[in-house]
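# What the coordinates show
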Amino acid sequence: MSGHDDHSHLSEMDVRVRALQSLLVAKGYVDPAAMDELVTLYEHEVGPQNGARVVARAWCDPDYAARLFEDGTAAIAELGFGGRQGEHMVAVANTPEVHNMVVCTLCSCYPWAVLGLPPVWYKSAPYRAKAVADPRGVLADFGVALPQDTRVDVWDSTAEIRYLVVPMRPEGTKGWSEDALAAIVTRDSMIGTGLPQP
Ligand code: FE
């Protein structure tokens, strides 16, 4: 009964990743310490909590919001966020008239600096195709129903431009602190496939 399978609890994907990593290290293409540092960074420090701070600030400070929509990269850098895959940020505002949704039809371009690493579904072929062909269908898949007369704009990310959706501030949050507001800004609401969750 005992076979090779018994020796590992790794999924097939984990095994593939390990094999690839070993090869890259053995060939001298990557430094294991540098790779560990990068993984730790994206596990603990860079994630949707960064984007949530940007959104909450924009909700509380109209001057900041104006700067954010004028020059996303600079306004996001004001809060200390930037770097890899966050060099050319464009913030798009949801309004009662327009709902914004972000996709990368070619691959998986994503604003790492404010959202961390992309979820698996964002990189999937069905999402990439359907987001363009049937954005309202995608929203329905995510449980989001918008008023019929709200237009849905879909933004195709590229290596050049990464988008951050600034959702509408929910009703009933008047007087909330920036921290409390940031806590209700979900990752999906900043991709446009969700709404803030008060
Ligand atoms: Fe891409």
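Along each chain, residues carry numbers from 1 onward, in the same order as the chain's sequence is written. Given that this is a predicted model, residues contribute local features only at a pLDDT of at least 70 and side-chain atom pairs are listed and counted only at 80 or more, while totals for whole chains, interfaces and linings are drawn from all residues. In computing side-chain properties, one takes all heavy atoms of the structure into account and sets aside hydrogens as well as water.

The next thing to look at is the overall build of the protein chain. Put simply, DSSP H or I for four residues or longer makes a helix, DSSP E for two residues or longer makes a strand, and each gets a number counted from the N terminus. Looking only at helices and strands, one finds eleven helices and four strands in the protein chain. Overall, the protein chain is about 60 × 35 × 30 Å in size when its C-alpha atoms are taken along their principal axes. Contact criterion: two residues are considered in contact whenever any of their non-hydrogen atoms come within 4.5 Å of each other. In the protein chain, the share of contacts with a sequence separation of at least 24, taken over all contacts with a separation of at least 6, comes to 68%. Of the roughly 11500 Å² of accessible surface on the protein chain, 57% is carried by carbon and sulfur atoms. Residues scored as positive are Lys and Arg, those scored as negative are Asp and Glu, and His as well as the terminal groups of each chain are ignored. The location of each charge is read from NZ of Lys, CZ of Arg, CG of Asp or CD of Glu. One finds the centroid of the 16 positive side-chain charges in the protein chain at a distance of 2 Å from the centroid of its 26 negative side-chain charges. Working definition of accessibility: Shrake-Rupley area with a 1.4 Å probe, residue cover restricted to the visible protein chains.

Bringing the side chain of T193 into the picture now. Within the fold, T193 resides in the segment after α11 (187-191). Non-local contacts of T193, meaning those with residues more than four positions away in its chain, are made with M101, W121, Y127, V138, L139, F142, V144 and D188.

What follows is about the coordination of the iron ion. With water omitted from the atoms examined, metal sites may look incomplete; donors here are N, O and S atoms no farther than 2.8 Å from the metal, or 3.2 Å in the case of Na, K and Ca. Those donors, C104 (SG), C107 (SG), C109 (N) and C109 (SG), are the protein atoms that reach the iron ion, and they lie 2.1 to 2.5 Å from it. All geometry calls rest on donor angles, where a four-donor set with angles between 85 and 135 degrees is tetrahedral, four- and six-donor sets with opposite donors more than 155 degrees apart and all others between 65 and 115 are square planar and octahedral, and all else is irregular. Coordination at the iron ion comes from four donor atoms whose angles at the metal span 80 to 132°, giving a geometry best classed as irregular. Donor residues for the iron ion sit on one chain with the sequence pattern C-x2-C-x1-C. Partly exposed residues are those whose accessible area sits between 20% and 50% of the maximum for their type, while under 20% is buried and over 50% is exposed, using a 1.4 Å probe and protein chains only. C107 gets classed as partly exposed once you look at its relative accessible area, which sits at 37%.

Before going further, it helps to spend a moment on the nonpolar core. As used in this record, nonpolar core signifies buried Ala, Val, Leu, Ile, Met, Phe, Trp, Tyr and Cys residues forming a set joined through side-chain atoms within 4.5 Å. Core analysis: the biggest nonpolar cluster contains 41 residues, and V54, L68, I76, Y127 and L164 have the highest contact counts within it. Ranked by residues supplied to this core, first place goes to helix α3 (residues 48-60) with six residues. With sequence-adjacent residues up to four places away left out, L164 is seen in contact with V54, I76, M89, V90, A91, V92, V114, L115 and M190.

What follows concerns the packing of α3 against helix α4 (residues 62-70). Whenever a helix is involved, its axis is fitted only over the stretch in contact; in every case the axis is a line through C-alpha atoms, and angles between N-to-C directions fall within 0 to 180 degrees. As a packed pair, α3 and α4 sit with axes 5 Å apart at the nearest point and diverge in direction by 125°. Considering the angle they form, α3 stands oblique to α4. In this structure, α3 meets α4 at a crossing whose hand is left-handed. Only P62, Y64, A65 and L68 of α4 make contact with α3, whose side of the interface consists of V54, R57, A58 and C60. Our angle categories are set so that under 35 degrees counts as roughly parallel, over 145 as roughly antiparallel, 65 to 115 as roughly perpendicular, and the remainder as oblique. Crossing handedness: left-handed means the near helix sits turned counterclockwise from the far one by under a right angle, and right-handed means the same turn made clockwise.

What follows deals with the pattern of salt bridges. Pairing between side chains of opposite charge can happen when their charged atoms approach one another. Each salt bridge in this description consists of a side-chain nitrogen of Lys or Arg and a carboxyl oxygen of Asp or Glu lying within 4 Å of one another. Scanning all chains against the criterion turns up seven salt bridges. Across the pair R53 and D179 runs a salt bridge whose closest N-O atoms are separated by 2.7 Å. Placement of R53 in helix α3 and of D179 in helix α10 (residues 178-184) is noted, with a sequence separation of 126 residues between them. Residue classification places R53 among the partly exposed residues on the basis of a relative accessible area of 31%. You can call D179 exposed: its relative accessible area is 52%. Here D188 ties to R187 by a salt bridge, and the two come within 3.1 Å at their closest N and O atoms. Judged by its relative accessible area of 18%, D188 is buried. For R187, a relative accessible area of 29% translates into the label partly exposed.

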